[in-house]
Amino acid sequence: MKILVTGGAGFIGANFVFYMLEEHPEDEIVCLDALTYAGNLETLEPAMDNPRFRFVKGDVADRKAVFPLFEKEGFDVVVNFAAESHVDRSIEDPGIFLKTNILGTQVLMDASREYGVKRFHQVGTDEVYGDLPLDRPDLFFTEDMPVTASSPYSASKASADLLVMAYHRTFGLPVTISRCSNNYGPYQFPEKLIPLMIANALADKPLPVYGTGENVRDWLYVEDHCRAIDRILRSGRVGEVYNIGGHNERNNLEVVKTILAQLNKPESLITFVGDRKGHDLRYAIDPTKIHEELGWLPTTKFDDGIRQTIDWYLDHEPWWRNIISGEYQQYYEKMYGNR
Ligand code: NAD
Ligand code: TYD
């Protein structure tokens, strides 16, 4: 199979590239990535010498770049990771989220139709289900729940999902969608909760916890996510949505305290700051469908995954130190300066 992976220089996309090159020696992968602030070619270094891998710099919303690439390469499968992915940034400036996440998806699907792609897989998020209340631990996200959105980010991802289903019904495009819970693991950009807290703790800087720290996320180790997408590509039913995640719920304060304990840093570094606007309370996935249909379940428990992740950040300081210079410093000052 020849697979286009968009957004492969970002966190999950890069992990997916590594996973697929390793697991499927028969497949070829082309990565299309615009190298925004979140994309990093250094991350893809281990794949660059692989003759079955090729990197192309380009914007998924740029029709003039995307169509010739599809014509030339003749992709069998497209896996669309490319996105603006950070909720806080979407609250500051929604426009680019709509362009990349919605219009970019449209361009990729138009090209997929034109050049006969056999599967278009949209990497979605559980944030399109809105949130669950904190006092109802019996409730979980299932695929038949209505799509709604709290942030411009989740609204853009929800819109993309609706468009994907519309292209399936109207044009017969062979699509699948996965909706995954919060990922963590190697190569995550340090603006997100877990790597941000690791980097700050190592620098003995305050750990900014939004609101009360009681918000709950359902954490999934990134390799489990990659394995689930692979299963969907190979055995998932066209036109279907699959939730990915399950039963690794922690509230933010628990996550932060776990990080501090492993790094031997004091809890006095925890600093409660102003809450995120529209902050979703709880995400929790019911993975019954993907488990029963495709035999997938998460394999890495949070306590093991967080240990491995912290070790990875300790072993790869140059990778994340590079990233948190420059633009990120301005971002950090703007977002956290007066919070
Ligand atoms: P990320 O921000 O780390 O990486 C995004 C990548 O997309 C970067 O390499 C960036 O350069 C690239 N990109 C951005 N705009 C582009 C454009 N216009 N054209 C081409 N490339 C572009 O994001 P991530 O955390 O790896 O998330 C990947 C996907 O998974 C996203 O679609 C996101 O919505 C989804 N997702 C993420 C999580 C999570 O916890 N991180 C959970 C569920 C779903
Ligand atoms: P994040 O990693 O941004 O993922 P998402 O918003 O997509 O779930 O945030 C995870 C949780 O951590 C979320 O409830 C917001 C919270 N959070 C903080 O408390 N402080 C921070 O500095 C960040 C980035 C997030």
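You'll find the structure just up there.
Along each chain, numbering runs from 1 in the same order as the chain's sequence is written. Lettering of chains starts at A and numbering of ligands starts at 1, both following the order in which they are written. Residue-level local features of this predicted model are given only where pLDDT is at least 70; pairs of side-chain atoms are given and counted only at 80 or more, and the full residue set underlies all totals for whole chains, interfaces and linings. With hydrogens and water excluded, all non-hydrogen atoms of the structure serve as input to the side-chain values.

**Student:** Just checking my understanding: could you explain the site of ligand 2 for this structure?
**Tutor:** Proximity is defined per residue: any heavy atom of the residue falling within 4 Å of a molecule or strand makes that residue near it. Taken together, 19 residues lie near ligand 2, and E127, R217, R276, H279 and Y336 sit nearest. For this analysis, a polar contact is any N or O atom pair within 3.5 Å, provided that within protein one partner can donate a hydrogen and the other can accept it, and provided that sequence-adjacent residues contribute only side-chain to side-chain pairs. Within the side chain of E127, a nitrogen or oxygen atom sits 2.6 Å from an oxygen atom of ligand 2. In the model, an oxygen atom of ligand 2 is placed 2.7 Å from a nitrogen or oxygen of the H279 side chain. Contact with the protein chains hides 97% of the accessible area of ligand 2, taken as 510 Å² for the molecule alone. Each helix is a run of H or I in the DSSP string that is no shorter than four residues. Each strand is a run of E no shorter than two, and both are numbered from the N terminus. Sorting the residues of the shell around ligand 2 by element identifies α7 (193–202) and β8 (207–210) as the ones contributing at least two each. For every accessible area listed, the method is Shrake-Rupley and the probe measures 1.4 Å; residues are considered covered only by the protein chains on display.

**Student:** Sorry if this is basic, but what is going on with the packing of α7 against helix α11 (residues 302–315) here?
**Tutor:** A packed helix pair is summarised by two numbers, namely the angle formed by the two axes and the spacing between the axes. Inter-axis angles, ranging from 0 to 180 degrees, are taken between N-to-C directions of lines fitted to C-alpha atoms, where helices are fitted over the stretch in contact. It is the contact of α7 with α11, at a shortest axis distance of 11 Å, that shows an interaxial angle of 55°. Taken as axis vectors, α7 and α11 run oblique relative to one another. As for how α7 packs across α11, the hand of that crossing is right-handed. Contacts between α7 and α11 involve I194, P195, I198 and L202 on the former and, on the latter, F302, I306, T309, I310, Y313 and L314. Broken down by class, the residue content of the contact of α7 with α11 amounts to 9 nonpolar, 1 polar and no charged. Just so you know how the angles are binned, under 35 degrees is roughly parallel, over 145 roughly antiparallel, 65 to 115 roughly perpendicular, and the rest oblique. Crossing handedness is read from the near helix: turned anticlockwise from the far helix by less than a right angle, it gives a left-handed crossing, and turned clockwise, a right-handed one. In this analysis, two residues are considered to be in contact whenever any of their non-hydrogen atoms come within 4.5 Å of each other. Residue polarity follows a fixed list, in which Ala, Val, Leu, Ile, Met, Phe, Trp, Tyr, Cys and Pro are nonpolar, Asp, Glu, Lys and Arg are charged, and the others, Gly among them, are polar.

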